Amino acid sequence: MAKLAFDTGGTFTDFALLDDRGELHLHKVLSTPKNPAEAVVQGVSELLETFSGSIAIENLQILGATTVVTNAVLERKGAETGFVTTNGFQDMLRIRNEGRYDLYDLNIKYPDPLVTRANSFGAEERIAADGEVMTELSEDSVREIAGRLREKGVRSVAVCLLHAYKYPQHEKRVAALLREENPDIFVSISSEVCPEMREFDRASTTVVNAYTRPQMAGHVAHLEREFAGKGIDRQVLWMTSSGGLVPSRRAAELPVRLIESGPAAGAVAAAEFGRVAGETSVLSFDMGGTTAKLCLIPNGEPNVGTDLEVAHYQRFRKGSGFPLKIQSIQMIEIGAGGGSIAAKNPLGLLDVGPHSAGAMPGPAAYQRGGSQPTVTDADILLGYMGTESFVGGSFKVSKDAACGAMEKLASSLEVSVERCAWGIHDLVNESMSKAAAMHATDLGVDPRSLPMVAFGGAGPVHAYGIARKLGIKRIICPTGAGVSSAIGLLIAPVAVDLSMSHPMPVNAWDIGEMNRILDELAVQGAEVVSAAGVAKETIANRFTVDMRHVGQGHEITVVLPDRNLPKEEFLKQLTDNFFKLYRELFGRTVAAAVEVITWRLRASGEKDQVTRPHETQAEEARKGSRQVYFQERGAYADTSVYDHYKLPVNHEIRGPAIVEQRESTAVVGPSGSFHVDASGNLVINIL
């Protein structure tokens, strides 16, 4: 079955088509930020027109990753949203959890809630923590709220009642009443979006879902109409933040789980590229037009966390954004991509990012109205990226335009254009190397022991410089590095992550209740995964639990042993798993009772394979040469330029060199050598 994947990025929208013969075709078009669907439809149309003879349209599976959800939150362009909670808790979104990301900042600020105070309502009801109904739900109060929402023209509403994660009956009735009074309203309830403890985190997650749901639902519907018009009848599968694919209906209902879909697809691809290259653990480095993402992949699988935070008031300061209780691949993001703008800061020093030129107007070299120098402009001036071979030559860029923009900044800094361009390139590398070192250290890993998998349009351009700063000796640049996230979509399994908070002390373990919870999660998981066309008998279930010592404020995630074991053996393995991980994380164990707080399931189908043997071309791989700047030599040097796809397998070449793909360019400095392996990966070794 043919597959066509698209990944909407801030600057480019990437495509990967796996045809009926198993051949992989790659494509790239400029993104259309005002309407992301336009770029998707354009790219899909161009691919189908070019390769119509090698695919059966009626069986084509479309896969997608999108920035629609992320951008709606960051740019605050979601739908006007209402918030309904238990009466008396209407200020929950403003009070937050009383935590402070900076203890000593007397003027500490947080992002304004996505729901105004005027759109926050209290329903007359109350269920206690043990399930006792203290106040029966007043349906009249809910109908009154529905009327006020209708008068205000609110399109979407988030419902988060106290203890609804465990006792959702009132919440479900509120949703039914709201839909009854206003059939066109989108209703998101916390017991479906995030059935987990901690009121503010649960409310925050539900509000983000409600805020982005109309936009995502419209995006999904628009694309499926366009695809149906081309004869594609299968529903689109969408990448979630945890690295699995879900069908369109679920993506439209729970868009909050897609907020990191593109980066997640890249991490899935990096894990596969590392495996093919013979590496079990790698550092994934994905640099596109807007941001760079770093992800540690131990033992062939990215780490999946249970918390995420977006829209930070203070960039990268944990606690200053909106917390989301969703499963998400753990990575760190740096606001530095090819389109990141360089400028002089108030201290008279050079700064890069976080502002980006994006796709429109784009870097100055694009000649689309951009006038400020960017990372891409610097890389072009340094010779790292060719003006005639940019995106395979299909997109013309101007070195003169890049130079004109750079001259203004260089003059303000009183340095040469060459020095300014190198300063931008090196500053970005320094920022990312420090972030990578911090990320690896937090996870207890020495980054020098890891090979780097570099991809994204700008990843291979900067990988050599970052690797040298980190002490990394091996870089893997896969075939199609510039569209690797789209390739990751082709590899990823159909999968869904589900959770349910239900505290259970280990010393009062209830086997029957455990089996009820796990069976309920398994039924829900099978329903979602099978809806995407996966046979139920092939679905694999992986159960984990969030555990803590009784009285502690936070949990760690532990793999659940085989539940068919005898109770004593099961509990021994469970506690052993907990204490082992606890010691690894905190260096000690505590003599206190242990409890499970949240139960989790990942239900998934099988991964696909897209790697093919590299076929050596008979043609000459060297394309020519150009002047390229290398700090190791302190000057420009005439440097050979090679075509990645024509390099013979395992033929070692010494740097310096530039190796070009259609979608990306790899830089190899004087201290490096490189070859292409049997799978088509460009492998760079640093002396």
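What you see is a predicted model, and the numbers here were worked out from it, not measured in a lab.

Thresholds, definitions, all that
- Residues numbered from 1 in each chain as written.
- Predicted model: local features only at pLDDT ≥ 70, side-chain atom pairs only at ≥ 80, totals over all residues.
- Heavy atoms only, no water.
- Axes fitted to C-alpha atoms, helices over the stretch in contact; angles between N-to-C directions.
- Helix = DSSP H or I, 4+ residues; strand = E, 2+ residues; numbered from the N terminus.
- Parallel < 35°, antiparallel > 145°, perpendicular 65-115°, else oblique.
- Left-handed = near helix turned anticlockwise from the far one by under 90°.
- Contact = heavy atoms within 4.5 Å.
- Nonpolar A, V, L, I, M, F, W, Y, C, P; charged D, E, K, R; others polar.
- UniProt positions renumbered as here; feature names shortened; annotations may be inferred.
- Buried < 20%, exposed > 50% of the residue type's maximum accessible area, 1.4 Å probe, protein only.
- Pairing = 2+ DSSP bridges.

Overview of the packing of helix α1 (residues 36–50) against helix α7 (residues 199–229)
Where α1 meets α7, the axes come as close as 10 Å, and the angle between the chain directions of the two elements is 25°. The angle between the axes of α1 and α7 places the two elements in the roughly parallel class. Note that α1 runs across α7; the crossing there is right-handed. Of the residues in α7, those touching α1 at Pro36, Ala37, Val40, Val41 and Val44 are His219, His222, Leu223, Glu226 and Phe227. Class assignment for the residues of the contact of α1 with α7 results in seven nonpolar, two polar and one charged.

A short note on unusual backbone geometry
The omega torsion of the bond from Gly655 to Pro656 falls at 5°, within 30 degrees of zero and hence cis. With respect to the element layout, Pro656 can be found in the loop between β30 (653–654) and β31 (657–660). At His163, a residue that is not glycine, the phi angle is positive and equals roughly 60°. In this fold, His163 is placed in the loop between β9 (156–160) and α5 (169–181). Phi is positive for Arg198, which is not a glycine, with a value near 85°. Here Arg198 shows up in the loop between α6 (190–193) and α7.

A few points about the UniProt feature "domain: Hydantoinase/oxoprolinase N-terminal" (unreviewed entry) in the chain
In the numbering adopted here, UniProt assigns the feature "domain: Hydantoinase/oxoprolinase N-terminal" (unreviewed entry) to residues 4–181. Secondary structure content for residues 4–181 is 30% helix and 25% strand, while the C-alpha to C-alpha distance between its ends is 41 Å.

Focus: the environment of Asn303
Mapping Asn303 onto the fold places it in the loop between β14 (292–297) and β15 (304–305). The exposure class assigned to Asn303 is partly exposed, which follows from its relative accessible area of 24%. Asn303 sits 197 residues away from Met500 along the chain, and the two C-alpha atoms are 20 Å apart.

What to know about the pairing of strand β13 (residues 282–287)
Taking burial as the measure, the six residues of β13 include six buried ones, the bulk of the element. The two faces of β13 match: Val282, Ser284 and Asp286 on one face and Leu283, Phe285 and Met287 on the other face are all buried. Relative to β14, β13 runs antiparallel, the two sharing six bridges. The partner of Phe285 across the bridge, within β14, is Leu294. Here β13 folds back onto β14 in antiparallel fashion, the turn holding four residues. Pairing geometry for β13 and strand β22 (residues 452–455), over four bridges, is parallel. In the sheet register, Ser284 faces β22, and the bridge partner there is Val453.

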